[in-house]
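# Close look at the chain arrangement
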Amino acid sequence: MEKKTPILIPSSTGKVSLKAVHGHFSTSHSHVNFYIDMTDIKSNARVAEEIAKMLAHQYSSSTEVKAILCLDGTVLIGGFLAQELSKGNIRGVNRGEPIYVLTPEYNSAGQMMFRDNYTSIINNQNIILLMASVTTGMTVQQGAECISYYGGRLRGISAIFSALDKVDDMPIHSLYHINDLPGYSSHPASQCPACRRGEKLDAIINGFGYFKI
């Protein structure tokens, strides 16, 4: 992994670039031929703040939001996004009202869950789902089901990178799209072209990063 030369994909503002490494990788739902490295985006406060500002422009002033449900280690970005959306200016979504930043627990069955002390924040409220990347849409569906289970209303899906335009007719607002990374592909493990060619996996990847094989 460290020997592979990353591809840099600049943002629309030119202030942040997304790193992508070509190879053969396994996620929890599929095999992909690029690893999207978001280490800096998720952990560098200055970069995370810039990403949040770009994401905030995707929401109109008519979209009232109570909480942001952060998946894939996007809590730092979610905090800055909440700050942007709650600014008391003419564009501010919540006109100065606070926005909560939440992350779910996972039960033994792998389902997202919240303790009782958080349910009032979600119930009957508008929620944004924030993700690092959307590949198959399965995690989006899981997040949407969690929000619905606790009585919330999914009002937007934001992602840093997305291979999909929408999931279940809900549009994905992403800063980087599959079209920005020519040749990107995702396949179920049983249909992976690299596996059929006998190519070994470079790494297992998830929201925390990668683990070399």
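Residues numbered from 1 in each chain as written. Predicted model: local features only at pLDDT ≥ 70, side-chain atom pairs only at ≥ 80, totals over all residues. Heavy atoms only, no water.

A few words now on the side chain of Glu84. Tracing the backbone through its elements, the reader meets Glu84 in helix H3 (residues 75-85). The class for Glu84 is buried, based on a relative accessible area of 5%. Polar contacts involving the side chain of Glu84 include one to the side chain of Lys87, which spans 3.0 Å. (Helix = DSSP H or I, 4+ residues; strand = E, 2+ residues; numbered from the N terminus. Buried < 20%, exposed > 50% of the residue type's maximum accessible area, 1.4 Å probe, protein only. Polar contact = N/O pair within 3.5 Å; in protein donor to acceptor, adjacent residues only side chain to side chain.)

Residues lying three or four places apart along an α-helix face the same way, a consequence of the helix completing one turn every 3.6 residues. For H3, the full list of buried residues reads Ile77, Gly78, Phe80, Leu81, Ala82, Glu84 and Leu85. Against helix H1 (39-43), helix H2 (45-56), strand S4 (67-70), strand S5 (100-102), strand S8 (126-134) and strand S9 (153-162) lie the buried residues of H3. (Contact = heavy atoms within 4.5 Å.)

In contact at an axis separation of 8 Å, H2 and H3 are set at 50 degrees when each is read in the N-to-C sense. Regarding the angle of H2 to H3, the classification is oblique. In the crossing of H2 with H3, the sense of the turn from one axis to the other is right-handed. Here Ala45, Ala48, Glu49, Ile51, Ala52, Lys53, Leu55 and Ala56 of H2 lie close against H3, whose contacting residues are Leu76, Ile77, Phe80, Leu81, Gln83, Glu84 and Leu85. For the contact of H2 with H3, a count of residues per class yields 11 nonpolar, 1 polar and 3 charged. (Axes fitted to C-alpha atoms, helices over the stretch in contact; angles between N-to-C directions. Parallel < 35°, antiparallel > 145°, perpendicular 65-115°, else oblique. Left-handed = near helix turned anticlockwise from the far one by under 90°. Nonpolar A, V, L, I, M, F, W, Y, C, P; charged D, E, K, R; others polar.)

Moving on, we get to the side chain of Asn33. Along the polypeptide, Asn33 turns up in strand S3 (residues 31-37). A relative accessible area of 14% means that Asn33 is categorised as buried.

Our focus in this paragraph is unusual backbone geometry. The residue Asp72 is not glycine, and still its phi comes out positive at about 60 degrees. Turning to its location among the elements, Asp72 is positioned in the loop between S4 and H3. Residue class for Asp72 comes out partly exposed when judged on its relative accessible area of 22%. The backbone of Asp169 shows a phi angle near 70 degrees, a positive value even though the residue is not glycine. You can see Asp169 is positioned in the loop between strand S10 (166-167) and strand S11 (170-177). Residue classification places Asp169 among the exposed positions, given a relative accessible area of 68%.

With that out of the way, let us pick up the pattern of salt bridges. In total, this model carries 4 salt bridges according to the counting rule given. Between Lys87 and Glu84 there is a salt bridge, with the nearest N and O atoms lying 3.0 Å from each other. For Lys87, a relative accessible area of 33% puts it in the partly exposed group. In this structure, Arg197 engages Glu199 in a salt bridge whose closest nitrogen and oxygen atoms are separated by 2.8 Å. Under the relative-accessibility criterion, Arg197 is labelled exposed at 56%. The exposure class of Glu199 is partly exposed, given its relative accessible area of 38%. (Salt bridge = Lys/Arg side-chain N within 4 Å of Asp/Glu carboxyl O.)

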